[in-house]
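Here are the chains, one letter per residue:
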Amino acid sequence: MALFLQRLVDGLSEGSIYALLALGLVIIYRGTGHLNFAQGEMALFSTYAVYQFGEWGVPIGLAVLMGMAVGFVLGAGTEVVLVRPISRKSPFAVFIVTIGLFQFLNWLDGALWGGQQLPSSAMGSKQGKFPSLFPNNPTDYFNVFGAAIKWQSFWMLVLVLVIGGGLYVMFNYTKLGLAMRAVASNSESSKLVGIRTGTVLMVSWGIAAAVGALGGVVYAGLTTNVNQSLMFSVFIYAAAAATLGGFDSPGGAVVGGLAIGVIQNLVAGYADEWVGQQMKVGVAFLVILAVLLLRPAGLFGTSKVERV
Amino acid sequence: MSLPIHLRSGGLPSWAIRVGATLSVAGLLLWIPTHGSDSLIDTCTTATMLMAAAMSLNLLLGFTGQISLGHSAFFGIGVYTTAIGVTRWGWSPFVTLPVAFAVAFVVGVLVSLPALRIKGVYLALVTLALGLVFPAFVKWPKIEWLTNGSRGLDKTGFKFNKANPTYELFGWNPWGNLRGQNVKPFYFWVGVSIVALVYLVCRGIVKSRMGRSLVAIRDNSTAAAVMGVNLAVTKGIVFGLSAAMCALPGSLSAIRTGTVTPDSALLTVAGSITFLVIMVVGGSGSLWGPVLGAVVYQFIIERTSGWSDPNRIPGAVRPLFSWSDVAPGSGIFALTLILLMFFAPFGIVGLWHKAVATVVTVVPKPAGTASVVHQETAPPES
Amino acid sequence: MTLLSARGLTAGYGPLKVLEGIDLDVNEGEIVVMLGANGAGKTTTMRAISGVIARHGEITFGGHNIQKVGPDAIVRAGIVQVPQGRGTFPELSVEDNMRAGAYVRRDGSGAVQADIAKWFELFPRLAERRTQRAGSLSGGEQQMLAIARALMSRPRLLLCDEPSMGLAPLITQELFQIIERLNRDEGLSVLLVEQNANLAMHMASRVYLLETGRIVASGTAAEIGADDTIRKAYLGF
């Protein structure tokens, strides 16, 4: 029982990171119908920025806020400069641009912070101690039913619930949220009721990247080291979460993220011999595949006519 | 003389251009292994591998509209089929090539089954996950007896007799000893052969009735189905062929380097992205696009690999890159990719056609079929 | 008094020019009907006035030049369009559709809520379905919702693009009665685009005939209806 609880909480806290990135994916998908393959790398860039602010002596809390601001500017800028002009051409062009951005940001992280440990393919890693947002010393835990729950896990879960709740309120009870839902539903009609769709999309991308930045920072604090491939697998877990929850459902992204985290930890824990740490990514793969084949709209999404 | 010059297809000048282009490509192919430096030959061999991989991806994307970010897995299947065959069962590396082709074909057909129901970027997502799974799978403890886990495998290439290097195929030496004691040209020739094979397969498919039905699928699935194109079978075969052809350069990679590890760049998602980038920069949907893309890619990577040391950056661009001690190759290429999407969505080949059209236009024969083929590769300089 | 005035209005999509210089006026309190066949440029005219496509020429509204302003400023100025095919937000609830219609207003949620209640009185069937997703409504209900949503911005000029499309004749009649009522009771000016000439003609103050991007005839409803050649050629009755 204690072991189960332990794995459950570990799964939930890992899942909260996937949930944050999945939220970003969903916000962008709802607004524009694009899957942002650069989401993970945007988060990583902001995470490196937080690291840099920390190096400059900024307290970690403030550094995280500044990092989210960097993420917001990066996301909003991407929408205005790259995605908006290119989306007139084709969805494929947008896909390629996000892939290009993925590679460019990954290289840029290495170029700015990577040092000479990187091979020329820029897919190496730099090990750097990353400041944690939450207490993560070995002694920072409390006991529940015999399971040692890290304070860090607890706070991560609180964080994702707060962010998720905040986004829920924003979507459903604010004018910006109403505009975002309207643009997602019918872009042309949004213009006709006087919504500046361009601004709304820009802000959506900004929020998505800022939330993703938070996910990146928290994850970096969890693993205590930042390297350039940090986000490859996290992106796939987040995408699996968004797929499971439904690409147009923010609530689904949170549930999906937590579910993926829990499933992974339970499967890896109880089927250690068969799955273990190595094949955890296989779980994400199977979830994506199964959901797309059996219920393409996900658990909470609404099925739409295919776009591509 | 006014531009553009009009040439009649099938006329003498148009044939002269074709023959000239063919001769210069052939000349280049002979020149590189016989007169080029070792590092040039190495670079070109790598380029041939990238060409074949990007062409296989191109067949899938350019002609069926399916996006794959998992071709690194098929490349990896080639790598590991050869490595396992050679080290565990003592096969000749040559034998492993068709085996790798067959294994990857089967896996490709299997992957194509769900891919039939998954469209566009979702397929990209699934295949991206596949690309991430492959290295993890190779490291899986359950199959460590075969793959040796994260330690990888050794001595996966030819066992050469140092004194008298011959590259025998069942006792027959088809390539001759083009460069004395040096083994590099041999790998180059294998690479070129693979590219030629992949090119011919792609060309064969594209020009065939199947190719036309492929384009029909890409443009409109429903219409293709109504017209009686058997979607499932056609897509399955193409996916299988694409995977199989991507495994061939993988095999060459294992043969050439002699060691394999699950985390080497081309086996991971980074490889998939590299193939995609090469294909798009060269020109997706065109036969020669990936060839040009690979040459340009490898050229840029080689040229800039030393730029981590600011003193080695040429003076003119030094201020642009000297701030970083990381080689800018992949960053430059990523930027190129993004810019091309804005200004030349059909890549270098698209730009080439546009540029050529302002100088020469080939007028199709009145009743015959149009053939506007400019088959020149930019010679790689070293 | 002239409310909306367009002189030499041209618009199109990319290289394709659809409108080739249109002169058009809507006076305060009028219902102006624009008739024309498919592809004549009726919808393009509407979209050009609303500013969602690039347009050239002189357009003034209430004496102000609105040629260079964006669609949001046009809604704020008091022109709102009910697009062809309803254009509701299918994933949003009926009430949220109405709220989205009030997006440009700055007078607080109390006033918006009061307006929602007011229009629910005019469209009681919408009130019954206030929490349903708009996509689940019938065609007629969606058209009502589209009009109610447009009214939420407190417009002075309502642009209606083929409201009768795909609706049963009885529902179309009901719809047109509501438009007439809004015109009479609220003083709302209306520019109505229709293919269904019979129905539209008898409530029109004035009529424009549009053909391949040009206005080929205009006048009061009586004048146009009285002209035999026009009637036979364009109206078909």
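Residues numbered from 1 in each chain as written. Chains lettered and ligands numbered in written order. Predicted model: local features only at pLDDT ≥ 70, side-chain atom pairs only at ≥ 80, totals over all residues.

Regarding chain B, the relevant UniProt record gives this comment under Subcellular location (unreviewed entry): "Cell membrane". (UniProt positions renumbered as here; feature names shortened; annotations may be inferred.)

Quoted verbatim from the Sequence similarities (unreviewed entry) field of the UniProt record, the comment on chain A reads "Belongs to the binding-protein-dependent transport system permease family. LivHM subfamily." We quote the UniProt Subcellular location (unreviewed entry) comment for chain A here in full: "Cell membrane".

Take the overall build of chain B next. Scanning chain B from terminus to terminus reveals 15 helices and 4 strands. Sequence-distant contacts, at least 24 apart, represent 76% of the contacts inside chain B between residues at least 6 apart. (Helix = DSSP H or I, 4+ residues; strand = E, 2+ residues; numbered from the N terminus. Contact = placed C-beta atoms within 7 Å.)

Residue and element names in this part refer to chain A. In this numbering, the UniProt entry assigns the feature "transmembrane region" (unreviewed entry) to residues 12-32, 60-83, 90-108, 153-171, 200-222, 228-247, 254-271 and 283-302. In residues 228-247, the share of helix is 80% and the share of strand is 0%. The end C-alpha atoms are 27 Å apart. Segment residues 254-271 splits into 94% helix and 0% strand. End C-alpha atoms: 25 Å apart.

So, about the UniProt feature "transmembrane region" (unreviewed entry) in chain B. Residue and element names in this part refer to chain B. UniProt records the feature "transmembrane region" (unreviewed entry) at residues 12-33, 97-116, 121-138, 186-206, 265-288 and 332-352, using the numbering of this structure. The annotated region residues 97-116 carries 95% helix and 0% strand content, and the separation between its end C-alpha atoms amounts to 28 Å. The span residues 186-206 carries 100% helix and 0% strand; its end-to-end C-alpha distance comes to 30 Å.

Glancing now at the sheet that holds strand S2 (residues 16-27) of chain C. All names here are of chain C. Pairing in this open sheet of 4 strands is antiparallel, and the strands run S2-S1-S4-S5 from one edge to the other. Looking at strand neighbours, the two that pair on one side only are S2 and strand S5 (64-65), the edges of this open sheet. For strand S4 (residues 55-61) and S5, the ladder comprises 2 bridges, and the chain directions are antiparallel. For Thr60, the partnering residue across the bridge sits in S5 and is Asn65. Contacts from helix H1 (residues 42-50) reach strand S1 (2-13), S2 and S4, with the element oriented near 70° to S2. (Pairing = 2+ DSSP bridges. Axes fitted to C-alpha atoms, helices over the stretch in contact; angles between N-to-C directions.)

Attention shifts here to unusual backbone geometry. Most peptide bonds take the trans form, and the phi angle of most residues other than glycine is negative. Residue and element names in this part refer to chain C. In this structure, Arg86 is a non-glycine residue whose phi angle is positive, near 70°. Within the secondary structure, Arg86 sits in the loop between strand S6 (79-82) and helix H3 (94-101). In the Ramachandran plot, Arg154 falls in the positive-phi region, its phi being about 55° despite a non-glycine side chain. Its place among the elements puts Arg154 in the loop between helix H6 (139-151) and strand S7 (157-161).

A few words on the interface of chain B and chain A. When the parts of a complex come together, some accessible area is lost, and that lost area is often taken as the interface size. Contacts between the two partners involve 46 residues from chain B, matched on the other side by 45 residues from chain A. Mapped onto the side of chain B that touches chain A, the elements with two or more residues apiece are helix H5 (120-138), helix H11 (269-282) and helix H14 (329-343) of chain B. Ranked by residue count, the leading element in the side of chain B that touches chain A is H5(B), at 12 residues.

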